[in-house]
Amino acid sequence: MAMKEVIRFLNKPFIISILASIFLAYLYPEVGAKGGILKPEITVKYGAIFMIFFISGISLQSKAAAVFNSALGSFLGIFITPALLYLFFNGSGDVPIWSAIFQLSLTVVFPVLVGQITRIAIGHRLLRHKKLLSVIGSFLLLLIIYTTFCDTFSNHEEAFTLSTVIITTLTVVLLQFLFLVLAFYVSTSFLHFSAEDVIAILYCSTHKSLTLGFPMLKVLYANEARFIFISFPLLVYHPMQILIGSFIVPLLQKWMQNKTK
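Residues numbered from 1 in each chain as written. Predicted model: local features only at pLDDT ≥ 70, side-chain atom pairs only at ≥ 80, totals over all residues. Heavy atoms only, no water.

**Quick look at the overall build of the protein**
In terms of regular secondary structure, the protein is built from 11 helices and zero strands. Written out in order from the N terminus, the α and β elements of the protein read α-α-α-α-α-α-α-α-α-α-α. Split into buried and exposed, the 261 residues of the protein put 38% on the buried side. (Helix = DSSP H or I, 4+ residues; strand = E, 2+ residues; numbered from the N terminus. Buried < 20%, exposed > 50% of the residue type's maximum accessible area, 1.4 Å probe, protein only.)

**Focus: the environment of glutamate 41**
With respect to the secondary-structure elements, glutamate 41 resides in helix H4 (residues 40–59). For glutamate 41, a relative accessible area of 31% gives the class partly exposed. Placed 106 residues apart in sequence, glutamate 41 and threonine 147 show a C-alpha to C-alpha distance of 9.5 Å. Among residues more than four places away in sequence, those in contact with glutamate 41 are Lys34, Gly35 and Tyr46. Separated by 3.2 Å, the side chain of glutamate 41 and the backbone nitrogen of glycine 35 make a polar contact. (Contact = heavy atoms within 4.5 Å. Polar contact = N/O pair within 3.5 Å; in protein donor to acceptor, adjacent residues only side chain to side chain.)

**A closer look at the UniProt feature "transmembrane region" (unreviewed entry) in the protein**
Cross-referencing UniProt, the feature "transmembrane region" (unreviewed entry) maps to residues 9–28, 43–60, 67–89, 95–120, 132–149, 161–186, 198–221 and 227–252 in the present numbering. The straight-line gap between the two end C-alpha atoms of residues 161–186 is 37 Å; of that span, 96% is helix and 0% is strand. Counting secondary structure, residues 198–221 comes out at 83% helix and 0% strand; the distance between its end C-alpha atoms is 35 Å. (UniProt positions renumbered as here; feature names shortened; annotations may be inferred.)

**So, a nonpolar patch on the surface**
There is a patch of nonpolar side chains on the surface, built from Leu182, Tyr185, Val186, Phe190, Leu191 and Phe193 and spanning about 600 Å² of accessible area. Checked against the element boundaries, leucine 191 lands in the loop between helix H8 (162–190) and helix H9 (195–205). (Patch = residues over 30% accessible without salt bridge, like charges linked within 9 Å, V, L, I, M, F, W, Y side chains within 5 Å. Areas by Shrake-Rupley, 256 points an atom, 1.4 Å probe, with all protein chains shown as cover. Salt bridge = Lys/Arg side-chain N within 4 Å of Asp/Glu carboxyl O.)

**Some points on the nonpolar core**
Ile18, Ile144, Ile145, Phe149, Leu210, Phe214 and Leu235 are the most contacted members of the largest nonpolar core, which totals 50 residues. Only helix H2 (13–27), H4, helix H6 (97–126), helix H7 (130–154), H8, H9, helix H10 (210–221) and helix H11 (227–260) provide two or more residues apiece to this core. The element best represented in this core is H11, accounting for 14 residues. Setting aside chain neighbours within four positions, we find phenylalanine 149 in contact with Ile22, Ala25, Phe160, Ile228, Phe232 and Leu235. (Core = buried A, V, L, I, M, F, W, Y, C linked by side-chain atoms within 4.5 Å.)

Set out below in structure tokens:
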């Protein structure tokens, strides 16, 4: 059962594409590194990131709760993420808060608003091109990942080793299981949600997508020398949540059947 889930996980096109982009960055780091042929300091920072959030604005749900949740999460992230990183790096590093807010407003909030206006104006036409927009968004995200690792592999002084990858992956997996257990315990023992709601809470409360998270980190910490250490946990978190989510489906199905008897 476990092996089947792993094989199914590895067969996902986007996961394969992420691995391929990292491998290409290892082979040809000079192409996507800063100052390289792709000029990521311009094309990624002002092009790819803008388009990702523009597409997000087009696709954003109109429900007030969804908009509020997205906006609140992004707003809190501006303050909480730098604070946590400051503690994690023992007080070193510098992320000016007003500069961060300006950058986020310019490259995140503005394109989302433009996307929303576009949705209102020609939303009926865009519905026919959902798959195309999704493909474009995925391609741009892969471009960001590729250029990030190009910078890492072109910087031979960067202490990004195999042990870093292993330790980060294990830590992320343990944290995900911890979050899932905590969400399950709180939603069942304290909040007493229905079985259907508990399952929804498990997946929604622990979900973090690369689609918005990685570009946002790129905006905030693009000039940070240790950006790969900041972004790599998220890069691991996204595929691991898919894998872990697949593993626990049979367990949740059995639990739900017992609850509804």
